[in-house]
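Structure at a glance
Here's the letter readout for the chains.
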Amino acid sequence: MEVVKVKSELQEFLCRVRPENSIGLVPTMGALHEGHLSLIRIARAASQKTVVSIFVNPLQFDNKEDYLKYSINLDQDLALLQVEGVDVVFAPNISEIYPINHQTRIFVSKLMERYEGEFRRGHFEGVATVVAILLNIVQPHVAVFGEKDFQQLRIVEQMVADLGMPLKILRAPLVRSSDGLALSSRNNRLTAKGRNSALIMSKGLLHAKEKVEKEGEVNVATLKEHTRKIFSKEVGFALEYLELVDENELLPVSFLEKSKPYRFLCAGYVEGVRLIDNVSLKI
Ligand code: AMP
């Protein structure tokens, strides 16, 4: 496995392999867990050479303290990536991605407006900008993004379609721990008690999924009220938003229609740590 820190070195490697190999990219911010590794397995199955980027993107942090607290251990990450059979790791420093006088920003108008976009101002502009830069540097045939960050995934899909970028975006299902908690690098900041409180998010969402898929509940107001009630039982959890949306435009709906894909999205705080989760719903 090669580990490179500068674009030109990465591009030399890619030039060498590109004639005979398809290339898959998995962008990450490090602090890798099984969720990230599932994306890498999807990339490896879909392409012949896998590039993983590790870059904590300052542009996507709306909260400076959150950025400073985002701790990664590169050696630990590299050991995991080696086991997964990754071909090259791109771990640039900030000036490699944003040289002095960098000015361009990517803005996906409608999909960025709500939910994460509303509560984390500027976050998605930072995400879309760094993803566009990474896609341009690597020029992969496929890139993999997780459904854990569903709104982010839709924004990336929309950006790639709108800009006519020549690659395929692959979706990776959300990976949970055995007790239901959505895996996230931020979970490391929780105490054992906090982690226990955080379980209420998946509990509430998965209960709603059952109500839809087993009991046929289609009234969104009923589903939201039911889920809020479950959330309110956990005093350690402060809900920020809970929305039931269609999977494509991510607009809130009032009733679920047969065979259409929906997502139940939520965000909230446990011990001052901001967590997100979502489930797919289909009737
Ligand atoms: P991050 O390092 O948090 O920026 O995440 C890098 C990629 O991994 C993104 O596409 C995330 O959606 C994805 N990811 C993170 N956690 C999970 C998870 N629990 N399940 C699936 N994908 C995930």
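Read on for an overview of the structure.

1. Some points on the pairing of strand β6 (residues 168-172)
Where strand β5 (residues 142-146) lies against β6, 5 bridges are found, and the strand directions are parallel. The residue bridging A143 from the neighbouring strand is I169, located in β6. The parallel pair β5 and β6, bridged by helix α9 (residues 150-162), forms a crossover whose chirality is right-handed.

2. Overview of the packing of aromatic side chains
Enumeration over the complete set of coordinates arrives at 6 aromatic pairs. Seen in terms of ring centroids, F61 and Y70 are 5.6 Å apart; in terms of plane orientation they differ by 70°. Their pairing is edge-to-face. The residues F61 and Y70 share a single accessibility class, namely buried. Three or more aromatic residues joined by ring pairs make a cluster, and in this case those are F61, Y67 and Y70.

3. What to know about the side chain of T129
Residue position: T129 is located in helix α8 (residues 123-138). Looking at T129, its side chain comes within polar contact range of the main-chain oxygen of E125, at 2.6 Å. Dropping the residues within four chain positions of it, T129 is found in contact with L59, Y98, H102, T104, R105 and I106.

4. Focus on the sheet that holds strand β7 (residues 237-246)
Here 3 strands make up an open sheet; going across it, the order is β7-β8-β9 and the pairing antiparallel. The open sheet terminates on both sides in strands that have one partner only, identified here as β7 and β9 (273-281). Sheet twist, expressed as the mean angle between neighbouring strand axes with direction ignored, is 15°. Bridge count between β7 and strand β8 (residues 262-270): 9 bridges; the pairing is antiparallel. Pairing of E243 across the sheet is with L265, part of β8. Most of the contacts of helix α10 (residues 192-213) go to β9, to which it runs at about 15°, and overall it touches β7, β8 and β9.

Procedures and definitions
- Residues numbered from 1 in each chain as written.
- Predicted model: local features only at pLDDT ≥ 70, side-chain atom pairs only at ≥ 80, totals over all residues.
- Heavy atoms only, no water.
- Pairing = 2+ DSSP bridges.
- Helix = DSSP H or I, 4+ residues; strand = E, 2+ residues; numbered from the N terminus.
- Right-handed = clockwise from strand over helix to strand, strands pointing away.
- Phe/Tyr/Trp six-rings, centres within 6.5 Å; stacked < 30°, edge-to-face > 60°.
- Buried < 20%, exposed > 50% of the residue type's maximum accessible area, 1.4 Å probe, protein only.
- Polar contact = N/O pair within 3.5 Å; in protein donor to acceptor, adjacent residues only side chain to side chain.
- Contact = heavy atoms within 4.5 Å.
- Axes fitted to C-alpha atoms, helices over the stretch in contact; angles between N-to-C directions.

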